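An overview of the molecular structure
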Amino acid sequence: MAEEKSQASSSKMLTLKASDGVLFEVELNIAKEMKTVQAYIDDCEDIETIPIPNVLGKHLAIVIEYIKKTNEEYDAEFEKQWNMDDLQLLLLAANYLNISGLQECLCKAIAKRIENKSPEYVRKVFNIENDHSPEEEAKLRKEYKWAFEGVDKD
Amino acid sequence: MEKSMGATNAKVINHIPEDLAFSILSKLPLKSLKRFGCVRRSWALLFENLHFLNMYRNYFISNNHSYYDGTSILLNQTNNPLSGEAFHSTLYLLSGERFENMVKLDWPPPFHEDDSFIEILSKTSVNGTLCLAQKNGMDLKCLFWNPTTDEFKIIPSSPFLYQSPYMEPTVDFNGFGYDHVRDDYKVLRWLCFFNITDVEVPFEDYLDVDSMWEIYSLRSNSWTKLDIEMPASASNEKLHVDGVCHWWSIHDDINCYDSPPRLVSFDLCNEVFLTTHLSSDMIDPLNILHLTLLNGFIAFIIYDQTTTFHIRILGELGVKESWTKVFILEPLPSIEHPIGAGRKGEIFFRKDDDELVWFDLSTQMIEELGVKGREHCCHIVIYKDSLLPIGGF
């Protein structure tokens, strides 16, 4: 299970074009792990270059590498290399390309990083605006006082 | 580390849509989720959002807690005898994806003559060892047993059982577990004494009731009196996780009855306890509580006379507001009561026709095990085998 996924039977190559124009030649069976790409192929059989408009070359490279190498050991070490911004962009990429294994891995990684953080930190990370009224928020903080103990300082 | 393609783009592209955010949130512990309710309004109502709740449930069920690594399931079953027949406890090892393999295990020799009402303390094993107990009137049997090696070790009698002027006490085996600080196996027990002079007096008028806690340590091979005032158990559901014994009680600290129900957690290492009250919406005179461990989390299955079972997971020990409604099982017709939980979101029940069944939380399917059992006398045990000698020392 640890070996890379290239097999002689699926040696047809495909080109993926990232949003910044970077081109990637991948084997068909690697590309098929991206359900979005699979759908593209199903629609137009002899396509050779598939545009991936939402994903930068830098991230597409990481995604392709993941598909080739994924296993329990690889996944455990995978997320450690990326900062929070990259993790989120990779998640958006995995979501757009519809790669469920990678999505799970990234969601777990991001969850682990925010687990012990404050609400302010989380808002900043996800660029969320607080739509609670001050009274609402105060009420929640009081009601769940126990949930605020031992939280990392921002 | 350089940000991608210019810092200005990063913030624009970095917008994780709400349903992806839910995917992330569904993998967080309850404490984090309650705190993040402050982030925005929609996150304060996560458990009322069916979309999120489904994600949370799916992850909860599929996430394998390390507690269950290398474990199997044992069923301690008691028959429902016809008049004249005897009671027998039978131990089965359940295996297979759908528990289709049931192997009967023989009890150790001390129980060969009388195998009625054998209790497996705390429904757990420590290094492959189970703690078995049987109360037969004046005869108390308690021993350690490793079903894999067949080794057993009888626990000596306690010097505190017979104390004048009291009659022999009511004994409640409260828990069995592991003290990792002293690398010791411990057994916790509650003794309740009645004054001998009250023998003629109706039960309700007993004035002189005394109780005490005692703890057995394998290393010292002796029972010690515990100087502690702790609420005794109100049921047969007693658990052990990570060196802490859990049960629930309706007694107060000095063991008067009829206090609101709460979880009692006794730490075997430092021998202190913590109570966690139930939230007010869990308490109803018509409710029946069943304490269990669900995928590694302390949980209550709450039911009444209807066919609906609610499951509340404890978010944080000691915090009564952290009991979170996670699952509702309905309708489960003919199901009478739970008998325990498995390793991956299976909940075992007994039906009104005595059939023992299991419910799969992920598929919502019910399957019969092929064995019947007596009401409130059947239990599921999570067992991890080992070839180590008992006590490992």
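Along each chain, numbering runs from 1 in the same order as the chain's sequence is written. Throughout, the order in which chains and ligands are written sets their labels, letters from A for the former and numbers from 1 for the latter. Given that this is a predicted model, residues contribute local features only at a pLDDT of at least 70 and side-chain atom pairs are listed and counted only at 80 or more, while totals for whole chains, interfaces and linings are drawn from all residues. Values shown for side chains rest on all heavy atoms present in the structure; no hydrogens or waters enter the calculation.

The secondary structure listing takes helices from DSSP runs of H or I that are at least 4 residues long and strands from runs of E that are at least 2 residues long, numbered from the N terminus. Scanning chain B for helices and strands turns up 5 helices and 24 strands. For a compact globule of 393 residues, the expected C-alpha radius of gyration is about 21 Å, and chain B comes in at 23 Å, within 12% of that figure. Based on the C-alpha atoms only, the size of chain B along its principal axes is roughly 85 × 50 × 45 Å. The buried share of chain B, taken over its 393 residues, is 53%. Any two residues having at least one pair of non-hydrogen atoms within 4.5 Å are treated as being in contact. Put simply, 52% of the contacts in chain B that link residues at least 6 apart link residues at least 24 apart. Exposure was quantified through the Shrake-Rupley algorithm and a 1.4 Å probe, taking into account, for residues, occlusion by the shown protein chains and nothing else. With an accessible surface of roughly 17,900 Å², chain B has 51% of that area assigned to carbon and sulfur atoms. When charges are counted, neither His nor the chain ends are considered; positive counts come from Lys and Arg and negative counts from Asp and Glu. Just so you know, the charge point we use is NZ for Lys, CZ for Arg, CG for Asp and CD for Glu. Charged side chains in chain B number 32 positive and 54 negative. The centres of these two groups are separated by 9 Å. The globule rule used here is 2.2 Å times the number of residues to the 0.38 power, and the radius of gyration it is set against is calculated over C-alpha atoms. Each residue gets one of three labels from its accessible area relative to the maximum for its type: buried under 20%, exposed over 50%, partly exposed in between, using a 1.4 Å probe on protein chains only.

Counting residues in hydrophobic clusters, the biggest one holds 83 residues, and the most contacted among them are A:V37, A:F126, B:W43, B:L294 and B:L329. Source of the domain bounds: an automatic or database domain assignment. Residue contributions to this core reach at least three from each of two domains, namely domain 1 (2–61) and domain 2 (71–384) of chain B. Setting aside anything within four residues of it in sequence, one finds B:L329 in contact with B:T307, B:T308, B:F309, B:I311, B:I347, B:F349, B:F359 and B:L361. We define the nonpolar core as a collection of buried residues of types Ala, Val, Leu, Ile, Met, Phe, Trp, Tyr and Cys that are connected through side-chain atoms lying within 4.5 Å of one another.

Strand pairing in a sheet is mediated by backbone hydrogen bonds. Such pairs are either parallel or antiparallel. Here, a strand pair is defined by DSSP locating no fewer than two bridges between the strands. Judged by pairing direction, the sheet is antiparallel, and its 4 strands sit side by side in the order β4-β5-β6-β7 (chain B) without closing on themselves. Because the sheet does not close on itself, it has two edges, and the strands there are β4 (119–120) and β7 (151–154) of chain B.

Residues and elements named next belong to chain B. One can read the domain layout of chain B as domain 1 (2–61) and domain 2 (71–384). For domain 1 and domain 2, the distance between their C-alpha centroids amounts to 38 Å. Each side of the interface is counted separately: domain 1 has 9 residues, and domain 2 has 17 residues. Computed with a 1.4 Å rolling probe, the buried area is the accessible surface lost when two parts are put together, summed over both parts. Carbon and sulfur atoms supply 71% of the area that domain 1 and domain 2 bury against each other, a total of about 1,000 Å² over both sides. A pair is scored as a salt bridge if a Lys or Arg side-chain nitrogen falls within 4 Å of a carboxyl oxygen belonging to Asp or Glu. Seen at the junction of domain 1 and domain 2, the total is 1 salt bridge.

The next subject is the packing of aromatic side chains. Note on ring pairs: Phe, Tyr and Trp rings are taken, using the six-membered ring of Trp, and paired if centres are within 6.5 Å. Classes follow the plane angle, with under 30 degrees stacked, over 60 edge-to-face and the rest tilted. Under the counting rule described, the total for this entry stands at 30 aromatic pairs over all chains. An angle of 45° between the planes, with centres 6.3 Å apart, marks the rings of B:W190 and B:W213 as tilted. Remark: B:W213 occurs in strand β10 (residues 209–217) and B:W190 occurs in strand β9 (residues 184–194); sequence separation between them is 23 residues. Summarising the burial analysis for this pair, B:W190 and B:W213 share the class buried. Between B:Y216 and B:W223 the ring centres are 5.5 Å apart and the planes differ by 50°, which places this aromatic pair in the tilted class. A relative accessible area of 7% places B:W223 in the buried class. Grouped by ring-pair contacts, the aromatic residues B:F22, B:F47, B:F52, B:Y56, B:F60, B:F297 and B:F327 constitute a single cluster. Working rule: Lys NZ or Arg CZ, within 6 Å of ring centre, within 35 degrees of ring normal, means a charge sits over the ring. The ring of A:Y121 has A:K117 sitting right over it, with the charged end atom 5.1 Å from the ring centre. Lying over the aromatic face of B:W223, B:R189 brings its terminal NZ or CZ to 4.0 Å of the ring centre.

Residues and elements named next belong to chain B. By secondary structure assignment, the location of C378 is in the loop between β23 (366–372) and β24 (379–384). Exposure remark for C378: the relative accessible area of 2% places this residue in the buried category. Separated by 289 residues in the primary sequence, C378 and S89 have C-alpha atoms spaced 8.7 Å apart. Sequence-distant contacts of C378, that is, excluding residues within four places in its chain, are made with N76, Q77, T78, I339, L356 and G373.

With that out of the way, let us pick up the confidence of the model for chain B. Detailed reading of the predicted model is not advised wherever pLDDT is low. What pLDDT expresses is the predictor's confidence in each residue, scored from 0 to 100. Of all residues in chain B, 91% attain a pLDDT of 70 or more, and the chain-wide mean is 90. Low pLDDT, under 50, characterises residues 1–12 of chain B; the stretch is placed with 14 contacts to residues that sit more than four places away or in other chains.

Glancing now at the environment of B:L143. All names here are of chain B. As for its placement among the helices and strands, L143 is situated in strand β6 (residues 139–146). Among the residues examined, L143 registers a relative accessible area of 1% and is labelled buried. With 11 residues separating them in the primary sequence, L143 and I154 have C-alpha atoms 4.2 Å apart. Non-local contacts of L143, meaning those with residues more than four positions away in its chain, are made with P108, P110, F111, L130, C131, L132, F152, K153, I154 and I155.

The angle between the axes and the distance between the axes are what describe a pair of packed helices. Residue and element names in this part refer to chain A. Where helix α3 (residues 57–69) meets helix α5 (residues 84–97), the closest approach of the two axes is 10 Å, and the angle between their N-to-C directions is 70°. Accordingly, the angle class assigned to the pair α3 and α5 is roughly perpendicular. The crossing of α3 and α5 is right-handed. Contact with α3, carried on its side by K58, H59, L60, I62 and V63, involves D86, L89, L90, A93 and L97 of α5 and no other residues of that element. Axis lines are fitted to C-alpha atoms, over the contacting stretch for helices. Their N-to-C directions set the angle, which ranges from 0 to 180 degrees. Angles are sorted into four bins: roughly parallel if under 35 degrees, roughly antiparallel if over 145, roughly perpendicular if 65 to 115, and oblique for all others. Each crossing gets its handedness from the near helix: less than a right angle anticlockwise from the far helix is left-handed, clockwise is right-handed.

Residues and elements named next belong to chain B. Cis rather than trans, the peptide bond between E330 and P331 has omega equal to -15°. Along the chain, the position of P331 falls in the loop between β19 (323–329) and β20 (335–341). Not every positive phi belongs to a glycine, and S122 is a case in point at roughly 60°. As for its position among the elements, S122 is in the loop between β4 and β5 (130–136). Relative accessible area serves as the criterion here: at 4%, S122 is assigned to the buried category.

Right, let's talk about helix α5 (residues 50–62) of chain B for a bit. Residue and element names in this part refer to chain B. With 13 residues, α5 should reach 18 Å at 1.5 Å per residue; the first-to-last C-alpha distance of 18 Å fits that figure. Within α5 the residues assigned to the buried category are F52, L53, M55, Y56, R57, Y59, F60 and I61. Under this definition, polar contacts are N or O atom pairs within 3.5 Å; protein pairs additionally need one hydrogen-donor-capable and one acceptor-capable atom, and for neighbouring residues in sequence, both atoms have to be side-chain atoms. Two or three places before H51, at the opening of α5, N49 has a side-chain oxygen 2.9 Å from that residue's backbone nitrogen. The span one expects for a helix is its residue count, reduced by one, times 1.5 Å.

Looking now at the pattern of salt bridges. Overall, the coordinates contain 24 salt bridges over all chains when judged by the stated rule. Residue A:E104 is joined to B:K27 by a salt bridge in which the shortest nitrogen-to-oxygen separation is 3.1 Å. Here A:E104 is found in helix α6 (residues 100–114), whereas its partner B:K27 is found in the loop between α2 (18–25) and α3 (30–35) on a different chain. Look at A:E104 and you get partly exposed, because its relative accessible area is 36%. For B:K27, a relative accessible area of 14% gives the class buried.

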